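Listed below, chain by chain, are the residues.
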Amino acid sequence: MNHGPERKFYLKHFKSISLAIATYEDFTQLVNHLAEGLCRTFGVKGASIMILDEIEQELFRVSSHGISEAYVEKGPVFADPKKCAFYTGKVEVVEDFQCDERVQYPEAAAREGIVSMMSIPIKYHNINTGLIRIYHSDRLCMHDEDVDSLKVMACQLGVVIEANGLRNFVEQIKMAIDNLPPRIRGSS
């Protein structure tokens, strides 16, 4: 008799999410639906999708579901090279927010009712760009197949994040060129 965690993320879920990642045109809507879907699929308290600001070395939320605005605004979340899944590049689980040195805001987590968390690195060509964080009000335990599916989904999301960043960069360059005086742009 197997008493391990029940698998919750099957091929039909994976195909649906993969299709959404590949076809959504609105990045904000995509990450909001992903965070909400993670909460529903796994029956967890909340989820966040975070991207690294390379200059500040701070993770900022692009989406969250199931956690309060007060928790989201508790303070900056720094990516510590010694402690953070962002730098290790591996899925990490914090089993008890009150007893783990990786947790930056244990008091805020206690007020929010968060006991445990899983961090899944978002990667693009083996470069870490962000994290998916799943929060739970009890000890978080997921089936290995579900964790593997989440890792692949995070890589797909990394491609979207990179493409979105490049698109934004090109748009900024176009706007800057359009705002140049005609004599500099070469127009008469």
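The following paragraphs examine the structure supplied in this document. (Residues numbered from 1 in each chain as written. Predicted model: local features only at pLDDT ≥ 70, side-chain atom pairs only at ≥ 80, totals over all residues. Heavy atoms only, no water.)

### Looking at the side chain of T129
- Along the chain, T129 turns up in strand β6 (residues 127-136).
- Not counting chain neighbours up to four residues away, the residues in contact with T129 comprise I51, L52, F86, I122, K123, Y124, G158, I161 and E162. (Helix = DSSP H or I, 4+ residues; strand = E, 2+ residues; numbered from the N terminus. Contact = heavy atoms within 4.5 Å.)

### Structural notes on the packing of aromatic side chains
- One pass over the structure, following the stated rule, counts one aromatic pair.
- Judged by centre distance (6.0 Å) and plane angle (80°), the ring pair of Y71 and Y135 falls under edge-to-face. Note that Y71 is positioned in helix α3 (residues 69-72) and Y135 in strand β6, a separation of 64 residues in sequence.
- Judged by its relative accessible area of 1%, Y135 falls in the buried class. (Phe/Tyr/Trp six-rings, centres within 6.5 Å; stacked < 30°, edge-to-face > 60°. Buried < 20%, exposed > 50% of the residue type's maximum accessible area, 1.4 Å probe, protein only.)

### Thoughts on the pattern of salt bridges
- Scanning the entire structure with this criterion turns up six salt bridges.
- Here D146 makes a salt bridge to R7, at a shortest N to O gap of 3.8 Å. Of this pair, D146 sits in helix α6 (residues 144-178) while R7 sits in the segment before α1 (11-23); the two residues are 139 residues apart in sequence, bridging distant segments of the chain.
- Residue D146 is classed as buried on the basis of its relative accessible area of 1%.
- A salt bridge links E92 to R102, with the nearest nitrogen and oxygen atoms 3.2 Å apart. Placement of E92 in strand β4 (residues 92-94) and of R102 in the loop between β4 and α5 (106-112) is noted, with a sequence separation of ten residues between them.
- Among the residues examined, E92 registers a relative accessible area of 15% and is labelled buried. (Salt bridge = Lys/Arg side-chain N within 4 Å of Asp/Glu carboxyl O.)

### Some thoughts on a nonpolar patch on the surface
- A contiguous nonpolar surface patch, about 320 Å² in accessible area, is contributed by I173, I177, L180 and I184.
- Of note, I173 is situated in helix α6. (Patch = residues over 30% accessible without salt bridge, like charges linked within 9 Å, V, L, I, M, F, W, Y side chains within 5 Å. Areas by Shrake-Rupley, 256 points an atom, 1.4 Å probe, with all protein chains shown as cover.)

### Let's talk about the sheet that holds β4
- Strands sit in the order β3-β2-β1-β6-β5-β4 across an open sheet of six strands; the sheet is antiparallel. Two strands close off the open sheet at either side, each with one partner strand: β3 (77-78) and β4.
- Pairing of β4 with strand β5 (residues 116-124), which is carried by three bridges, proceeds in the antiparallel orientation. Paired with E92 across the strands is S119, a residue of β5.
- On top of the sheet, helix α2 (residues 27-42) reaches β1 (46-53), β2 (58-65) and β6; it is set at about 70° to β2, its chief contact. (Pairing = 2+ DSSP bridges. Axes fitted to C-alpha atoms, helices over the stretch in contact; angles between N-to-C directions.)

### Describing the environment of Y71
- Since its relative accessible area comes to 4%, Y71 is described here as buried.
- For the pair formed by Y71 and K12, sequence separation is 59 residues and the distance between their alpha carbons is 32 Å.
- If we skip the residues at most four places from it in the chain, Y71 touches R61, F97, A108, A109, E112, I114 and Y135.

### Quick look at the pairing of β5
- Most of β5 sits inside the fold, with seven of its nine residues counted as buried.
- Relative to β6, β5 is paired through nine bridges, and the arrangement is antiparallel. When the bridges of β6 are listed, S116 appears paired with H136.
- Linkage of β5 to β6, two consecutive antiparallel strands, is achieved through a turn of two residues, within which H125 is found at a positive phi near 50°.

Honestly, that's just the spatial picture; any functional story needs more than this.
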